[in-house]
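Read off the chains here:
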Amino acid sequence: MALTLTLREPPTVPLETEGLTPDRLAGLRRGEIEALTVWHGNRREQLADFFTVSGDGEEDLRVEGDLRRVKFLGAGMTAGRLIVAGDAGMHTGADLHGGELVVEGDAGDFAGTGMRGGRLVVRGSAGHQLGGAQPGERTGMRGGEILVHGDAGDQIGAGLRRGLIAVAGRVGAAAGLRMLAGTIVALGGLGAQPGAAMRRGTIVAMSKVILLPTFAFACSYRPSFLRLYLRHLRALGLPLTEGQIEGRYARWCGDGLELRRGEILILEAGP
Amino acid sequence: MLSGVCSGARMPERAATCAGCGCGCDDIEVAVAAGALERLVHTCTIGDEWFAERTAEAPAPARVDGREVDFAEAAEVSAAILGEARLPLVCGLGQTDCESQRAAVALAEAVGAVIDPAGPMQDGAVGAASQAIGLNTATFGELRDRAEVVVAWRADPAASNPRLLPRLRLDRAGRAAERTLVVVDTQRTATADEADEFVELPPELDFEALWAMRALVGNVPLDSNLAARLPLDALERLAGRLRACSYGALLHGPSGYVNALALLTLVRDLARIAHIVALPLRPEGNARGAEDVLAWQTGYPAAVSFARGHPRARPGEFSAVGLLERGETDAAVIVGFDALRHFPPRARDNLRRIPTIVVDPRATETAAAARVAFATAAAGLRREGTVHRMDGVPLTLRAPLASERAGDGQVLAAIKARIAEEET
Amino acid sequence: MLRIAQGRVYDPANGIDGEVRDVCLDGGTVVEELPSHAPRIDARGMVVMPGGVDIHSHIAGPAVNAARKLTPEEHRTDVLDRTEITRSGTGGTVPSTFATGYRYALLGYTTVVDAATPPLAARHTLAELRDTPIVDKAFLVLMGNNLSLFDLIREAGPDATGPVTEAVAWWLEATGGYGVKLVNPGGVEMWKHGNRNVTSLDDEVEGLGVTPRRVLEAIAGSVDELGLPHPVHVHCNNLGVAGNWRTTLDTLDTLQGRRAHLAHLQYHAYGGTPGKRPRSRAPELAEHLDAHPEHSADVGQVMFGPAMTMTADAPVSALLREITGAKWVNADLEAETGCGIVPFAYRERNYVHALQWAIGLELFLLSRDPWRVVLSTDHPNGGSFLSYPRLIRLLMDREFRNEQIGRVNQKAIGRTVLRDDLEREYTLGEITIITRAGPARLLGLADKGHLGVGADADVTVYREHGDREEMFATPRYVIKGGRVIVEDGELREAPAGDLLRVAADHDESIERTLQPLFEEHYSVQMANYPVREPWLLEPARRIPARRDGSGR
């Protein structure tokens, strides 16, 4: 059985747990794991004060319990597989460098902030500023993949420089705000002001979108690179139809207030 | 004759500065009789209320669960609450003086609290947006003497800061013929009645309109269909006015992050063509001071957590409202702010569930519901202090009335001292 | 009582250059002798200097604070925890106030001058300085774009300075300031006239009937007439513009015969033509300074790496905004000044950055009188004060310097005398002068920068180390006011430090002259303008001006 950390009861105030990642825990004895530092509000505590440790950690790491108030799950992880069995709190997968982090429930705000590599999968919904930037920083996510099976909040992929963010459900406002490059795929609808101030990169929408007037229609075509992306996403378990994969897309260029080298692709109705 | 003192010329017998809003009017005169305010000169309606609230019959200086206690006991109970708490919140702050704000930051640091001056008005959003774009601003005097074109963008100073327009000589009566005031808002406002032009704009189109303005200013083509929802002619006229003037200004109210981002970016674009500045209007008398004090002591203007022994900031995560709505805090110190009246419902409900310590010169609903309540001597009336006007200009608050009571700062310092005793 | 025993003492103000001797401290000052049982620090094999004095830095006030607010990304990765004796804080190029005080002290500095405060914002600066622990602090008051002073200067006509002098004294008293600062005189006012500027000393400030030259003459004249301890502190016009060395020389010629200190001279030492690639004119300026004992400068060295450009010279910031595309702050302060901020990074391979770096080194290495060309990076404009130890190594260690010169843009080096492998290496005595004794003397702080009997008991003790960067980065002991504040890079205690302000009387009738000007130019009441709050002004030490001329 995989090494498993079980949160006994929801903490009264948020618990901050940087470093509970498979790569860091690998090779630690149970006693060492139980002695790891977690922050309960303003108190420095030991992991064992909140979690029961079971199983043995070679390949995967599992975290269980009501984790909505547990922050920084999988933050800074570089390798291995971390499964969060349930909802996760803020900053989940922040600064993720490698490996796979699967959240079986919802993920709180700021998930995947400053992510550089690896894969973050959220089977439920993600909050605001998914794959975004730290305050004051121009650049957000720099690499890797984020897959959300539910919905995602506002300002996802803000400052995105490289990598892929795909959301099966609905995406909130200002997706790709000030993005520099990279790709955002919204299968279930895209909120207001998509791609505001985007310089380069691609945002894909499968249904009608209200664009900013600083975007300009370029053409209608069947982008071949997109097929590869979408088949890849389908292989990863996102619900994509042939119609979407093979379909015609309207290509809008923008943001005209920036370089106008970015594009928003909108699936056109009909075959 | 040589002198080493600046009398600053003649000063009225009882001079006062009003901190009822972010205008910091420092030309108030008060007449005092029998230790009470008899008459106020130069105040506006908000100012009259501000002085009235602070001279009304004050509750007992220190109460625990509504029971009158001596100061030391109240400080001790407060210290116990904060000593127990694992994530206390210190909030309010926008209506107290800078010295008390310093004491609030020191207390928050000592107990590993989250401190956030931003009230429910999304004041923090403009600050957060300026961390991405920067900002271009000016003090009242510059706006008054140089600004040829002034735009009130979803701001209604005539209501929120009644003396601002007259002080900037932008009201109809005081405005020179060659100066222009334009109002952009959902419907006609009191400020619109003072303006040369009113542009009607539904709130949900703020970002789009600001973005279109950027395009019009920068000669970037607009897609006519996509722009059809916008009052393009009016926006074009406005962009033209701003491009053509040599000094212009946007007065704007609190707004969400992306709208603030759009406005600051528009001003940055305009600044390459003309000298255009923006001034965020502040309803609270010292909201600007709270940001300034936090910034110089921690490096961050708002939403700071000391939980881990050093400052960390994240708007949203450590904002007072968010923290309370998510029920993530287990005690609160509320300074000069009637949270139960002004916070959104969910935040109010959670606030009722945790022990609170209220420090306020006024009798408020929040103070009445508090575990510990200190009724203090009001800065600007019974204690001197410093406030920062909404444009950042620091002003002295005078004390036309005497008081035996402690000010907000002394109370906060006393609680901190009590905690220090327990630590040692 | 404390005896610093048998260290190698560098006290150039008193002609002591590395003698092994004791330094005795009692009651916050240096004393002749102490009883033998007095507590002692064994300083054998160590280097003993007066505490450091920074003549030109930006550590407090609305501009500095705007830069803090602007850069959460720098603070997140550089934090200071709260301890028993210290407050928490954050660092980066613009640290929080507490962090600023601690880090200056840890570097062996005990006195710091903030070089640019708008008088209207003096309360803000004073409040921040009070929250800047350990070091003694003073600030210079911006007067180069003050509309009321412009009015007085215009009225006074070419020669008379009477009312201007009284007004200058009034402003110093009203703010708690120490000295007078001019930043791009006239140019910042023009910036508010549709983003314009002045380009020569004889450009008229539109509609105001004054020129930069007239402002320089009148204010410098007033400062001399008042006998202020520190001469007028000038940030020349045309900062950063290729060919600006002519403006700088013109400024010095205009001020000939009057005392003057030029700020961050490196930024004003460029040849070439505006808009084209600059070249170095450091040799000419160094020579001119050597020939004029009434003039001095701090270098404003740039150091490679992150910096924060922060200046009252707002039009310069607008140019930097265009060059970098980075976030930008501009803040117009009514009737007095402006403010511009742009985050910046100096890169070795960049021609202009490398030239700026080289020009700074030229100024250090070519100037013959270290008492008048002193160390600064114009913190944080040229780099953080934390880079001083590295700068000291560049000056003291020729081999290290040449190795660094080899790394940077060679086209730039080719246009400076650094290409000829300058032999000069600063001695410890000379370093003591440019980091302590010189700045203290130029500031007129008689009790600072030396270890003579009666001097403030501010002392830094370094462990001898071949790597001078290492040596100056972590003093063995730092003593402030006779108390051991730092031991081996650890703070032992964190006292408050004093405000240093000037005492210069004014003719009280000047207030009748100023009243109508205030009503015209300001949005605050003149009655509320002078700072009176004891909690902002105390504890303070008054340094008297010598109006009778005995100061000169």
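If you're wondering where the values come from, they're calculated on a predicted model, not measured in any experiment. (Residues numbered from 1 in each chain as written. Chains lettered and ligands numbered in written order. Predicted model: local features only at pLDDT ≥ 70, side-chain atom pairs only at ≥ 80, totals over all residues. Heavy atoms only, no water.)

1. As for the overall build of chain B
The following threshold applies: Put simply, DSSP marks the helices as runs of H or I at least four residues long and the strands as runs of E at least two long, and each gets a number from the N terminus on. Type-normalised accessible area, obtained with a 1.4 Å probe on protein chains alone, sets the label of each residue: buried when under 20%, exposed when over 50%, and partly exposed for intermediate values. What makes two residues a contact is simply this: any of their non-hydrogen atoms within 4.5 Å. Under the convention used here, a 1.4 Å probe and the Shrake-Rupley method define accessible areas, while residue burial counts only the protein chains that appear.
Scanning chain B for helices and strands turns up 17 helices and 21 strands. Along the first, second and third principal axes, the C-alpha atoms of chain B reach 65 × 55 × 40 Å. Burial status across chain B gives 66% buried among its 424 residues. Here the analysis covers contacts within chain B between residues at least 6 apart in sequence; of these, 68% occur between residues at least 24 apart. For chain B, the exposed surface amounts to about 14,100 Å²; the carbon and sulfur share of it is 50%.

2. Section: the sheet that holds strand β10 (residues 149–153) of chain B
All names here are of chain B. Note the threshold: Two strands are counted as paired when DSSP detects at least two bridges linking them. The axes are straight lines fitted to the C-alpha atoms, using for helices just the contacting stretch, and the angles between their N-to-C directions are given from 0 to 180°.
Taken together, the five strands give an open sheet; going across it, the order is β12-β11-β10-β13-β14, and neighbouring strands pair in parallel fashion. The outermost strands of the open sheet, each flanked by one partner alone, are β12 (197–200) and β14 (275–280). On average, adjacent strands in this sheet sit at an angle of 15° to one another, irrespective of strand direction. In this sheet, strand β11 (residues 180–185) lies alongside β10 in parallel orientation, the contact comprising five bridges. Bridge assignment links Val-151 to a residue of β11, and that residue is Val-182.

3. Observations regarding helix α14 (residues 398–407) of chain C
Residues and elements named next belong to chain C. Heads up, the rule is: What the arc describes is the spread of directions from the helix axis to the C-beta atoms.
Those residues of α14 lying buried are Phe-400, Arg-401, Gln-404 and Ile-405. Axial view of α14: buried residues confined to an arc of 140°, hence all on one face. Structural note: α14 exposes Glu-399 and Gly-406 on the side pointing more than 90 degrees away from its buried face. Where α14 is buried, its residues contact α12 (351–366), α13 (388–396), α15 (410–414) and α17 (468–473).

4. Here's the deal with the interface of chain B and chain C
Short version of the rule: Once two parts are joined, some of their accessible surface, as seen by a 1.4 Å probe, is lost; buried area is that loss totalled over both. In what follows, salt bridge is the name for a side-chain nitrogen of Lys or Arg lying within 4 Å of a carboxyl oxygen of Asp or Glu.
At the junction of the two partners, chain B supplies 71 residues and chain C supplies 71 residues. Taking both partners together, chain B and chain C bury about 5,800 Å²; carbon and sulfur atoms supply 46% of that area. The largest per-residue losses of area from chain B upon contact with chain C belong to Cys-6, Arg-268 and Trp-296 of chain B, which jointly make up 12% of the total buried on that side. At the boundary of chain B and chain C, one finds eight salt bridges.

5. Observations regarding the sheet that holds strand β7 (residues 88–92) of chain B
Residues and elements named next belong to chain B. The mixed open sheet is built from nine strands, whose spatial order is β6-β5-β19-β18-β17-β7-β8-β15-β16. Both edges of this open sheet fall to β6 (67–68) and β16 (312–313), since each of them pairs with a single strand only. The pairing of strand β8 (residues 114–116) with strand β15 (residues 304–305) spans two bridges and is classified as antiparallel. Note on β15: the bridge partner recorded for Ile-115 is Val-304.

6. Focus: the side chain of Arg-389 of chain B
Using the following cut-off: Pairs of N or O atoms are called polar contacts if they sit within 3.5 Å, as long as, within protein, a hydrogen donor faces a hydrogen acceptor (for residues adjacent in sequence, only side-chain-to-side-chain pairs).
For Arg-389 of chain B, the position within the fold is in the loop between β20 (385–388) and β21 (394–397). Side-chain polar atoms of Arg-389 of chain B contact the side chain of Asp-391 of chain B, separated by 2.7 Å. Among the polar contacts made by the side chain of Arg-389 of chain B, one reaches the side chain of Ser-523 of chain C at a distance of 2.8 Å. When neighbours within four sequence positions are excluded, Arg-389 of chain B is seen to be in contact with Gly-22, Cys-23, Gly-24, Phe-140, Arg-167, Arg-288 and Leu-395 of chain B together with Glu-334, Ser-523 and Val-524 of chain C.

7. Comments concerning the pattern of salt bridges
Residues and elements named next belong to chain C. Enumeration over the complete set of coordinates arrives at 97 salt bridges over all chains. Note that Glu-469 is salt-bridged to Arg-390, the shortest N-O span being 3.1 Å. You can see Glu-469 sitting in helix α17 and its partner Arg-390 sitting in helix α13, a full 79 residues away along the chain.

8. Let's talk about the side chain of Thr-90 of chain C
Here Thr-90 of chain C is to be found in strand β8 (residues 89–90). Overall, the relative accessible area of 0% leaves Thr-90 of chain C in the buried class. For Thr-90 of chain C, the side chain forms a polar contact with the main-chain oxygen of Thr-298 of chain B, separated by 2.8 Å. When residues no more than four places from it in sequence are discounted, the contact partners of Thr-90 of chain C are Thr-298, Gly-299, Tyr-300 and Pro-311 of chain B together with His-75, Asp-78, Val-79, Leu-80, Pro-95, Ser-96 and Ala-99 of chain C.

9. Side note on the environment of Leu-324 of chain B
Residue and element names in this part refer to chain B. Within the element layout of this structure, Leu-324 appears in helix α13 (residues 320–325). Owing to a relative accessible area of 1%, Leu-324 belongs among the buried residues under this scheme. Each C-alpha atom, one on Leu-324 and one on Gly-20, is 26 Å from the other, the two residues being 304 residues apart in sequence. Not counting residues within four places of it along the chain, the set of residues in contact with Leu-324 comprises Leu-89, Thr-329, Phe-343, Arg-346, Ala-347, Asn-350, Leu-351 and Ile-354.

10. What to know about the pairing of β7 of chain B
Residues and elements named next belong to chain B. Note the cut-off: If you view a crossover with the strands going away from you and the path from the first strand over the helix to the second runs clockwise, you call it right-handed.
Among the five residues of β7, five are classified as buried, and the element is accordingly described as predominantly covered. Along β7, one buried face is formed by Pro-88, Val-90 and Gly-92 and the opposite face, lined by Leu-89 and Cys-91, is buried too. Sheet topology places β7 next to strand β17 (residues 331–335); five bridges connect them, and they run parallel. If you follow Leu-89 over to β17, its bridge partner there is Ala-332. As defined by bridge partners, β7 adjoins β8 across three bridges and the pair is classed as parallel. Across the sheet, the residue bridging to Leu-89 is Val-114, located in β8. For the segment spanning β7, helix α3 (residues 98–110) and β8, crossover handedness is right-handed.

11. Here's the deal with the packing of aromatic side chains
Which entries qualify depends on this criterion: In summary, the pairing rule links any two rings of Phe, Tyr or Trp, Trp by its six-membered ring, whose centres are within 6.5 Å, and it sorts them by plane angle into stacked for under 30 degrees, edge-to-face for over 60 and tilted for everything else. Counting as a charge over the ring demands two things of the Lys NZ or Arg CZ atom: a distance within 6 Å of the ring centre and an angle within 35 degrees of the ring normal.
Within this structure, the stated rule accounts for 21 aromatic pairs over all chains. A ring pair is formed by Trp-170 of chain C and Trp-171 of chain C, whose centres lie 5.4 Å apart and whose planes are at 90°; its orientation type is edge-to-face. Centroid distance Phe-518 of chain C to Tyr-522 of chain C: 4.4 Å. Interplanar angle 20°. Geometry classified as stacked. For Tyr-522 of chain C, a relative accessible area of 3% gives the class buried. An aromatic cluster is present here, built from Trp-170, Trp-171, Phe-518, Tyr-522 and Tyr-529 of chain C joined pairwise through their rings. Over the ring of Phe-110 of chain A we find Arg-314 of chain B, and its NZ or CZ is 4.0 Å from the ring centre. Over the ring of Tyr-351 of chain C we find Arg-277 of chain C; its NZ or CZ atom is 4.1 Å from the centre of that ring.

12. Points about the environment of Tyr-522 of chain C
Following the sequence through the fold, Tyr-522 of chain C ends up in the loop between α18 (510–521) and α19 (534–537). Along the chain, Tyr-522 of chain C and Thr-435 of chain C lie 87 residues apart, while their C-alpha atoms are 39 Å from each other. Contact partners of Tyr-522 of chain C, with chain neighbours within four places excluded, come to Arg-144 of chain B together with Leu-120, Asn-146, Ser-148, Trp-171, Glu-334, Ala-335, Glu-336 and Tyr-529 of chain C.

13. So, the packing of helix α9 (residues 206–217) of chain B against helix α10 (residues 232–244) of chain B
All names here are of chain B. For clarity, the threshold we go by: Here the word oblique covers every angle except those under 35 degrees (roughly parallel), over 145 (roughly antiparallel) and from 65 to 115 (roughly perpendicular). Definitions for this section: a left-handed crossing has its near helix turned counterclockwise from the far helix by less than a right angle. A right-handed crossing has that turn clockwise. Amino acids outside the nonpolar list (Ala, Val, Leu, Ile, Met, Phe, Trp, Tyr, Cys, Pro) and the charged list (Asp, Glu, Lys, Arg) are all regarded as polar, and Gly is one of them.
Contact geometry of α9 with α10 gives a least axis separation of 9 Å together with a crossing angle of 55°. Taken together, the axes of α9 and α10 lie oblique to each other. In this structure, the crossing between α9 and α10 has a hand that is right-handed. Counting all contacts with α9, which are made through Ala-209, Ala-212, Met-213, Leu-216 and Val-217, the residues of α10 involved are Leu-232, Leu-235, Glu-236, Leu-238, Ala-239, Leu-242 and Arg-243. Looking at the contact of α9 with α10 residue by residue, the class counts come to ten nonpolar, no polar and two charged.

14. Describing the nonpolar core
Quick note on the threshold: Among buried residues, the Ala, Val, Leu, Ile, Met, Phe, Trp, Tyr and Cys ones that are joined through side-chain atoms within 4.5 Å form a nonpolar core.
Counting 225 residues, the largest nonpolar core has Ile-115 of chain B together with Trp-170, Trp-171, Ile-219 and Leu-514 of chain C as its most contacted members. Contact partners of Trp-170 of chain C, with chain neighbours within four places excluded, come to Cys-6 of chain B together with His-506, Ile-510, Glu-511, Leu-514, Phe-518, Met-526, Tyr-529 and Pro-530 of chain C. Counting residues in each nonpolar core, the second largest holds 106 residues, with Phe-51, Leu-67 and Leu-211 of chain A together with Leu-216 of chain B among its members.

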